[in-house]
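These are the residues of each chain, in order.
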Amino acid sequence: MTQQLSELETVRPRRRRARITSLTIGLTLVVIVVAMALFAPLLAPFDPNAQVIAQRLQAPSALHWFGTDGFGRDLLSRVIYGARPTLLLVSLILVLTIPVGLLVGITAGYVGGWTERVLMRITDIFLSLPNLVIALALVAMLGPGLMNGALALALTSWPPFARQARAETLALRRSDYLAAARMQGITGLRLMFGHILPLCLPTAVVRAALSLGGIILSAAGLGFLGMGVQPPTAEWGSMVAEGSKVIFDQWWVAAAPGGAILFASLAFNLTGDGLRDRLDTRHAK
């Protein structure tokens, strides 16, 4: 009896440790990033735009945990506020890309024929375009700004969703599930968006979570080149660009926003990997 109890005690801690997965870690980090954006006025110790020239380029200290930038602004406060435009930009891109990608992919896979060929050739054209280069060209024409940056990045972000939705629709088109739906008189748009779309959503969510890290890096790239959110608004990419001018002497100016970009990208990558393991039966253990 005592031996069985000791075996149970050794098994229970292992089960508890097994619950800590990449999904739980990723979601925890995502909650931290979202909380930074939502409660920035409560978490930031200073005004992110307040300039104190007498305190410019100060090293990290008890007063300024991340140091100050070239205008004497507190870097910790600016990093916290910088989560707001980043998450807003990512949200706008997802709202634009996921519906368009699913609509194109499901339509191509379900209708077939010339419709499928035309839609997939358009998708291939957009897939062949380099994301950041096209985004820079569009922002240069439309002008820098949050909405223009979101439109530019969304233009080249929807094709992967379309190809994945098409592949899943082709696999479902001859399935018994859709055959039973047709026998009940369900066809056309009702079949596409009432039965095929719900089956394509889980993988679209996983792909969206996995692509968020790259979207954050692309958004930071626009800010780094001065094509994203304009100053004095705190934005991680523009903060890294400012810190790159003094990176050899005052490394913390670029390291603070760079660490924030790494933290946010890691959070969404871990979340996407965990969602893939949870929703995709091929990766289930």
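Conventions and cut-offs
- Residues numbered from 1 in each chain as written.
- Predicted model: local features only at pLDDT ≥ 70, side-chain atom pairs only at ≥ 80, totals over all residues.
- Heavy atoms only, no water.
- UniProt positions renumbered as here; feature names shortened; annotations may be inferred.
- Helix = DSSP H or I, 4+ residues; strand = E, 2+ residues; numbered from the N terminus.
- Phe/Tyr/Trp six-rings, centres within 6.5 Å; stacked < 30°, edge-to-face > 60°.
- Lys NZ or Arg CZ within 6 Å of the ring centre and 35° of its normal.
- Axes fitted to C-alpha atoms, helices over the stretch in contact; angles between N-to-C directions.
- Parallel < 35°, antiparallel > 145°, perpendicular 65-115°, else oblique.
- Left-handed = near helix turned anticlockwise from the far one by under 90°.
- Contact = heavy atoms within 4.5 Å.
- 1 Å grid on protein atoms, 1.4 Å probe; cavity = no way out; pocket = protein on both sides within 12 Å on 5 of 7 lines; lining within 4 Å.
- Points joined across faces, edges and corners; volume = space filled by probe spheres on them.
- Nonpolar A, V, L, I, M, F, W, Y, C, P; charged D, E, K, R; others polar.

### Regarding the UniProt feature "domain: ABC transmembrane type-1" (unreviewed entry) in the protein
Move 1: Feature annotation in UniProt places "domain: ABC transmembrane type-1" (unreviewed entry) on residues 83–272, given in this structure's numbering.
Move 2: The span residues 83–272 is 82% helical and 0% strand by assignment, and the distance between its end C-alpha atoms comes to 19 Å.

### A look at the packing of aromatic side chains
Move 1: Counted by the stated rule, this structure contains two aromatic pairs.
Move 2: Consider the rings of F126 and W158, whose centres lie 5.3 Å apart with planes at 55 degrees: the pair is tilted. One end of the pair, F126, is in helix α5 (residues 113–127); the other, W158, is in the loop between α7 (146–155) and α8 (159–173), with 32 residues separating them in the sequence.
Move 3: Each ring, one from W251 and one from W252, has its centre 5.8 Å from the other, and the planes form 80 degrees; the classification is edge-to-face.
Move 4: Here R117 stacks its cationic end above the ring of W114, 5.1 Å away from the centre of that ring.

### Here's the deal with the packing of helix α9 (residues 176–183) against helix α10 (residues 188–224)
Any two packed helices are characterised by how steeply their axes cross, that is the angle between the axes, and by the distance between the axes.
Move 1: For the pair α9 and α10, interaxial distance at closest approach is 11 Å and the crossing angle is 160 degrees. The angle between the axes of α9 and α10 places the two elements in the roughly antiparallel class. For the element pair α9 and α10, the recorded crossing hand is right-handed. From α9, Y177, L178, A181 and R182 reach across to α10, where they touch L191, H195, I196 and L199.

### So, the layout of surface pockets
Move 1: What the second largest pocket holds in volume is close to 260 Å³.
Move 2: Forming the walls of the second largest pocket are 16 residues, and the residues nearest its centre are P231, S238, M239, A241 and E242.
Move 3: Those elements that place two or more of their residues in the lining of the second largest pocket are α10 and α11 (236–244).
Move 4: Per element, the largest residue contribution to the lining of the second largest pocket is four residues, and it comes from α11.
Move 5: By residue class, the composition of the lining of the second largest pocket is seven nonpolar, five polar and four charged.

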